[in-house]
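These are the residues of each chain, in order.
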Amino acid sequence: MKRIFCLILLGILVSVSTCAKTTKDGIAFFDKYVQYANSYNSELLNMYSPNVKIIREVVKPTGKTEEIIIPSKRFFKELKLGQKTAKLRRYRNKYRNVTAIQIPNGIKITAERQPTNEKYWLKMYQILQDTDSGLKITEEMMQTKVQTFLRHKNKGE
């Protein structure tokens, strides 16, 4: 009985230390993500899983929100083009209240994002999963006030 208790206790200690290390790795990954995004580094593309689920939650002028799913193929194409435009405009995001929690399918990073020259903060999250090539973003949700995302509703790749 004592042996079984010791094995259970050891298992709990190992899982707690792994969880703490994993969420710490998630925060480090997110810090690198912010660095790459705000310096327009093409390595940003490699931080995403090829089949990433991209969600843009459009905040309408009324305050209501509408969720738009952006197909991964289109997302990668637009991200490449968008980095060039962002660099010319010196567009960057600030983040605050960044947290990481262990979830069944990986690590969930949550934060608030402030676009360049704006006073408001928007919600965002990323789901990270460990792969053979390290952590990858498998799902991302960012709120936006950019209404043109609504024209993407129900459009395929």
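By convention here, each chain's residues receive numbers from 1 onward along its written sequence. Totals for whole chains, interfaces and linings use every residue, but because this is a predicted model, local features are given only for residues with pLDDT of at least 70 and side-chain atom pairs only at 80 or more, for both listing and counting. Excluding hydrogens and water, the side-chain values take into account all heavy atoms of the structure.

Chemist: Quick rundown of the overall build of the protein chain? Include the residues and the values.
Modeler: In this text, helices come from DSSP runs of H or I with a minimum length of four residues, and strands from runs of E with a minimum of two, each type numbered from the N-terminal end. Counting secondary structure elements, the protein chain contains two helices and six strands. The buried share of the protein chain, taken over its 157 residues, is 38%. The contact criterion used is simple: two residues touch if any of their non-hydrogen atoms lie within 4.5 Å. Long-range pairs, those at least 24 residues apart, make up 54% of the contacts in the protein chain with a sequence separation of at least 6. To measure how exposed things are, a 1.4 Å probe is used in the Shrake-Rupley method; for residues, cover is taken only from the protein chains shown. When the accessible surface of the protein chain is summed, it comes to about 10,400 Å², and 56% of that surface belongs to carbon and sulfur atoms. Only protein chains enter the accessibility calculation, which uses a 1.4 Å probe; a residue whose area is less than 20% of its type maximum is buried, one above 50% is exposed, and one in between is partly exposed.

Chemist: Break down the nonpolar core for me, citing the residues and quoting the values.
Modeler: F30, Y33, Y48, F75, Y95 and I137 are the most contacted members of the largest nonpolar core, which totals 27 residues. Those elements giving two or more residues to this core turn out to be helix 1 (2-38), strand 1 (48-59), strand 2 (65-70), helix 2 (72-89), strand 3 (93-103), strand 4 (106-115), strand 5 (122-131) and strand 6 (134-144). When residues no more than four places from it in sequence are discounted, the contact partners of F30 are Y95, V98, I109, A111, M124 and Q126. We call a set of buried residues a nonpolar core when its members are Ala, Val, Leu, Ile, Met, Phe, Trp, Tyr or Cys and they connect through side-chain atoms within 4.5 Å of each other. Within the second largest apolar cluster, five residues are counted, among which are I103, Y125, I127 and M141.

Chemist: So what's going on with the packing of aromatic side chains? Residues and values would help.
Modeler: To describe a pair of aromatic rings, you give the distance between the ring centres and the angle between the ring planes. Centres within 6.5 Å are what make two rings of Phe, Tyr or Trp a pair, Trp counting through its six-membered ring; a difference in plane orientation under 30 degrees is then read as stacked, over 60 as edge-to-face, and the rest as tilted. What the rule picks out here adds up to six aromatic pairs. With 5.2 Å between their ring centres and 85° between their planes, F30 and Y95 make a pair best called edge-to-face. Of this pair, F30 sits in helix 1 while Y95 sits in strand 3, placing them 65 residues apart in sequence. Each member of the pair, F30 as well as Y95, is classed as buried.

Chemist: Account for the sheet that holds strand 6, with residues named and values stated.
Modeler: Strand order in the open sheet made by the six strands is 2-1-6-5-4-3, with mixed pairing throughout. Looking at strand neighbours, the two that pair on one side only are strand 2 and strand 3, the edges of this open sheet. Neighbouring strand axes in the sheet, compared pairwise and without regard to direction, differ in orientation by 20° on average. Two strands pair if DSSP finds at least two bridges between them. Two elements, strand 5 and strand 6, share eight bridges in a ladder whose sense is antiparallel. Looking across to strand 6, one finds that D130 is bridged to L135. Each of strand 1, strand 2 and strand 6 touches helix 2; the most contacted strand, strand 1, lies at about 80° to it. Fitting a line to C-alpha atoms yields each axis, with helices limited to the stretch in contact; the angle taken between N-to-C directions then spans 0 to 180 degrees.

Chemist: Just give me the short version of the environment of I54, but keep the residues and values in it.
Modeler: Tracing the sequence through the fold places I54 in strand 1. What makes I54 buried here is its relative accessible area of 0%. Note: C-alpha distance between I54 and I69 (15 residues apart in sequence) is 5.8 Å.

Chemist: Provide a residue-level description of the environment of I70, including the pertinent values.
Modeler: Counting through the fold element by element, I70 comes out in strand 2. Its relative accessible area of 3% is what places I70 among the buried residues.

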